[in-house]
Amino acid sequence: MKVLVAVKRVIDYNVKVRVKADNTGVETANVKMSMNPFDEIAIEEAIRLKEAGTAEEIVAVSMGPQQCQETIRTALAMGADRGVLVKTDDELQPLAVAKLMKAVVDEEQPGLIILGKQAIDDDSNQTGQMLAALLGWPQATFASKVEIAGDKAKVTREVDGGLETIEINMPCIVTTDLRLNEPRYASLPNIMKAKKKPIDEKSPEDMGVDTAPRLTTIKVEEPPKREAGVIVEDVAQLVDKLRNEAGVI
Amino acid sequence: MPADYHGGESPFDFDHRYQGPAYTDDHHAWRATLRAFVDQEIMPHVDEWDEAGGFPRGLYKKAADVGLLGVGYPEEYGGTPVDDPFFLLVTAEEMARCSAGGINASLLVHNIGLPPVMAVGSDELKQRIAPQVLSGDKIHALAITEPSGGSDVANLKTRAVLDGDHYVVNGSKMFITGGMRADYYSVAVRTGGDGNAGISLLLIERDREGFTRTELKKQGWWASDTAALYFDDVRVPVENLIGEENKGFAGIMKNFNNERLWMSASANALARVCLEDALAWARDRQTFGQRLADHQVIRHKFAEMARKINATQAYLEQCAQRVAEGERPVADLSMLKVQSTLTMEFCAREAMQILGGAGYMRGCRVERIYREVRVMAIGGGSEEIMRDLVARQMGI
């Protein structure tokens, strides 16, 4: 079985994100970028399936500017076999990504697609679901456990209030939640080996996909600053503050 | 390097500093792996391990799995043969960020123990030792220094006398990093007459009869198991001879250049940690109605720290470049080590002054680094020995 994994290049989770001065978005110049953490989990899951003999080949797909190649290299250094870069400097919204992914799927014919449940930059949580709709494939989102047996996948999902286990037909789409696994480090020997693994480059034009944004961003603002707390002396003062300052009682 | 690789808060911190053309994507990828490894596997436990005076043995295995133990060793023994001192620089810098030199000293002690075996040891010895060490299953220490002298290798007194197909070893060794837990020791012994020409290297296993050890308490490097070793009629088979008899001195000296580059990169990285932590504090701390960082006396401290760190970094990379080109710039590597440890000493002092009481408390990285200044300035060749070497190289 071939497994396709989507990997997105996002601002590193350690970076303190700043809004651009003109409120059109967040500052990405001179900011450290890394693989979306949920996508690391997706790659790890694919590698485990390969180690278990369930998967034979792992293809890491990324979309965006040339630098997304580094994100693919990270996936290759973790253990993916080859990469596909859909190169564009245009803004890509979830629907465009899903359409491009579908074009890649049509060509690659994977038995399983694993995506992060969302990217930590825009937190859309849409691409996996849209891709499932476009392909007409079953989907299991927010996965915390994946078991594949023959043409069925048994997936445990993290839902409000607990865990839900479903069985779906293959080929299918899985999106990863935080507790699915703990991704491995890209070890030094694998970093060196990853250089020799191929990355195929494509463009949305070659693939005949219209990536024009359907949504317009009006304004991006910093969340309001949290003010320092105060220590109240007694209950009476607390009640007074809740009533007269906070206005909650 | 991609234009947008950098991150971080300041042009002087790890992410934001200038990294020239010698650093490739491989170096950046390795840096990212080590950053995550240190942040996840070491940082959460670093204070606890330092206070406890040790770390779990399982960390060796984790370090092996990520490729850390194998940096620069041949693939056939389980290493990754990156023949490039910039990998050494990246590794030293990122490992230094945990700011507990004792963890690094013991975790990576094989980088001083194993090289003599790799350089001059027999194939049989390499195959017997190296794979187990690089896989993290066995620990390999180096034992040169004796109670009577350290850098004065030519005068060492531990003696090995041939008796049939065994050497009989008598003597003691001092300040041996990893000495309590090591499984293998590369031990310098006297097999011949006085001076350099009478020294050999023997591989001695920990369970040989008559070989004992005691733990030593130290100012810093608490997480490292430093020991005194005692050899009392220890019988070691001749096949454990590393290289040729009476030719051990060259094997020992070969080690020192890499060790100096490593210690210099570590010391400057520790200076950078001091700057980073003091800067974060000074930006946040309010005194006399303004940020601590707004006081001129504090601002100048930062400028001085940054100036020294950047100058040292430039020298470090110049030396690394020369090593990469096949040179062995002994005088410059010696000067570099002095430059780096003086920079670390200065930055530890200044950062501590800026942090004030908070910096004096255990659990603060600067407090620990302050306690580890001397081991960096003395270990691997003291500043005085380094300067003497420089003067000799200058032909004074």
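What counts, and at which threshold
Residues numbered from 1 in each chain as written. Chains lettered and ligands numbered in written order. Predicted model: local features only at pLDDT ≥ 70, side-chain atom pairs only at ≥ 80, totals over all residues. Heavy atoms only, no water. Contact = heavy atoms within 4.5 Å. Buried area = accessible area lost by both parts, 1.4 Å probe. Salt bridge = Lys/Arg side-chain N within 4 Å of Asp/Glu carboxyl O. Polar contact = N/O pair within 3.5 Å; in protein donor to acceptor, adjacent residues only side chain to side chain. Helix = DSSP H or I, 4+ residues; strand = E, 2+ residues; numbered from the N terminus. Nonpolar A, V, L, I, M, F, W, Y, C, P; charged D, E, K, R; others polar. Phe/Tyr/Trp six-rings, centres within 6.5 Å; stacked < 30°, edge-to-face > 60°. Buried < 20%, exposed > 50% of the residue type's maximum accessible area, 1.4 Å probe, protein only. Lys NZ or Arg CZ within 6 Å of the ring centre and 35° of its normal. Expected span 1.5 Å × (residues − 1). Domains from an automatic or database assignment. Pairing = 2+ DSSP bridges. Axes fitted to C-alpha atoms, helices over the stretch in contact; angles between N-to-C directions. Lys, Arg positive; Asp, Glu negative; His and termini not counted.

## Observations regarding the interface of chain A and chain B
At the interface, 19 residues of chain A touch 26 residues of chain B. Among the residues chain A hides against chain B, the three largest losses belong to Lys32, Tyr185 and Leu188 of chain A. Together they make up 40% of the total. In this assembly, chain A and chain B are joined by one salt bridge. Among the ionic pairs, Lys195 of chain A bridges to Asp26 of chain B, the shortest N-O distance being 2.8 Å. Across the contact surface, chain A and chain B share five residue pairs in polar contact (both at pLDDT 80 or more). Top element by residues in the side of chain A that touches chain B is helix H5 (residues 188–194) of chain A. It accounts for five residues. When grouped by side-chain class, the residues that make up the side of chain A that touches chain B number nine nonpolar, three polar and seven charged.

## Some remarks on the packing of aromatic side chains
Centre-to-centre distance and the angle between the planes together describe a pair of aromatic rings. Counting across every chain of the model gives six aromatic pairs over all chains. Judged by centre distance (5.6 Å) and plane angle (75°), the rings of Tyr185 of chain A and Phe37 of chain B are edge-to-face. In this pair, Tyr185 of chain A is assigned in the loop between strand S10 (172–176) and H5 and Phe37 of chain B in helix H1 (residues 25–42), connecting two distinct chains. With respect to burial, Tyr185 of chain A and Phe37 of chain B carry one shared label: buried. The rings of Trp49, Phe55 and Tyr60 of chain B are connected pair by pair, giving a single aromatic cluster. The ring of Phe346 of chain B carries the charged tip of Lys308 of chain B above its face, separated from the ring centre by 4.4 Å. One Lys or Arg, Arg371 of chain B, reaches over the ring of Trp222 of chain B and ends 3.7 Å from the middle of that ring.

## Points about helix H11 (residues 330–355) of chain B
With 26 residues, H11 of chain B ought to run about 38 Å at 1.5 Å a step, and its terminal C-alpha atoms sit 37 Å apart, in line with that. Just downstream of H11 of chain B lies Gly356 of chain B, where phi reads positive at about 60°.

## Regarding the side chain of Ser187 of chain A
You can see Ser187 of chain A is positioned in the loop between S10 and H5. The exposure class assigned to Ser187 of chain A is buried, which follows from its relative accessible area of 6%. Once residues within four sequence positions are removed from consideration, Ser187 of chain A is found in contact with Ala77 of chain A together with Asp65, Val66 and Gly67 of chain B.

## A word on the environment of Asp177 of chain A
Residue and element names in this part refer to chain A. Residue placement: Asp177 occurs in the loop between S10 and H5. With 139 residues separating them in the primary sequence, Asp177 and Phe38 have C-alpha atoms 6.8 Å apart. Those residues within four positions of Asp177 in sequence are excluded, and the remaining contacts are Phe38, Ile41, Lys117, Phe142, Ala143 and Glu158. Looking at Asp177, its side chain comes within polar contact range of the side chain of Lys117, at 3.1 Å.

## A short note on the domain arrangement of chain B
Residues and elements named next belong to chain B. Once the domains are mapped, chain B shows domain 1 (140–248) and domain 2 (253–393). The distance between the C-alpha centroids of domain 1 and domain 2 comes to 32 Å. Listed per partner, the contact involves seven residues of domain 1 and 10 residues of domain 2. Between domain 1 and domain 2 the total buried area reaches about 790 Å² when both faces are included, carbon and sulfur atoms providing 65% of it.

## Topic: the sheet that holds strand S7 (residues 139–149) of chain A
Residues and elements named next belong to chain A. Across the sheet, which stays open at both edges, the nine strands sit in the order S9-S8-S7-S10-S6-S1-S4-S5-S11 with mixed pairing between neighbours. The open sheet has two edge strands, strand S9 (162–169) and strand S11 (199–202), and neither has a second partner. Across this sheet, the average inter-strand angle for adjacent strands is 30°, counted without regard to direction.

## Digging into the environment of Ala182 of chain B
With respect to the helices and strands, the residue Ala182 of chain B is situated in the loop between strand S3 (166–176) and strand S4 (184–190). Once you skip the residues sitting within four places of it in the chain, Ala182 of chain B turns out to touch Ile139, Ala141 and Arg206 of chain B.

## Let's talk about the side chain of Glu383 of chain B
Residues and elements named next belong to chain B. Here Glu383 shows up in helix H15 (residues 383–393). The side chain of Glu383 sits in the buried core without any salt bridge; Arg387 is the nearest counter-charge, 4.2 Å away. Dropping the residues within four chain positions of it, Glu383 is found in contact with Val338, Thr341, Leu342, Glu345 and Ala377.

## What to know about helix H10 (residues 296–324) of chain B
Structural remark: α-helix, 3.6 residues per turn; residues separated by three or four positions point the same way. Between the first and last C-alpha of H10 of chain B there are 42 Å, a value that for 29 residues agrees with the 42 Å anticipated at 1.5 Å per step. Note on H10 of chain B: the residue one or two positions beyond its end, Gly326 of chain B, has a positive phi of about 95°.

## Section: the pairing of strand S1 (residues 140–143) of chain B
All names here are of chain B. Of the two faces of S1, the one carrying His140 and Leu142 and the one carrying Ala141 and Ala143 are both buried. Pairing of S1 with S4 involves four bridges; the strand directions are parallel. Bridge pairing links Ala143 to Val187 in S4.

## Topic: the pattern of salt bridges
Residue and element names in this part refer to chain A. Applying the stated rule across the entire model yields 48 salt bridges over all chains. Between Arg82 and Glu57 there is a salt bridge whose closest N-O contact spans 2.7 Å. With Arg82 in strand S5 (residues 82–87) and Glu57 in strand S4 (residues 57–64), the pair connects residues that are 25 residues apart, well separated along the chain. On the basis of relative accessibility, which here comes to 23%, the residue Glu57 falls in the partly exposed class. One salt bridge in this structure joins Lys219 and Glu221, with 3.7 Å as the shortest N-O distance. One exposure class covers both Lys219 and Glu221, and it is exposed. Each member of the salt-bridge network shares a partner with another, and the members are Lys2, Glu57, Arg82 and Glu108.

## Concerning the environment of Leu88 of chain B
Here Leu88 of chain B shows up in helix H4 (residues 85–96). In this structure Leu88 of chain B touches Asn258, Leu261 and Trp262 of chain B, once residues within four positions along its chain are discounted.

## Digging into the pairing of strand S2 (residues 159–163) of chain B
All names here are of chain B. Bridge count for S2 against S3 is five bridges, and the pairing is antiparallel. When the bridges of S3 are listed, Arg159 appears paired with Asn170. Counting the residues in the hairpin turn of S2 and S3 gives two residues, including Gly164, whose phi is positive at 70°.

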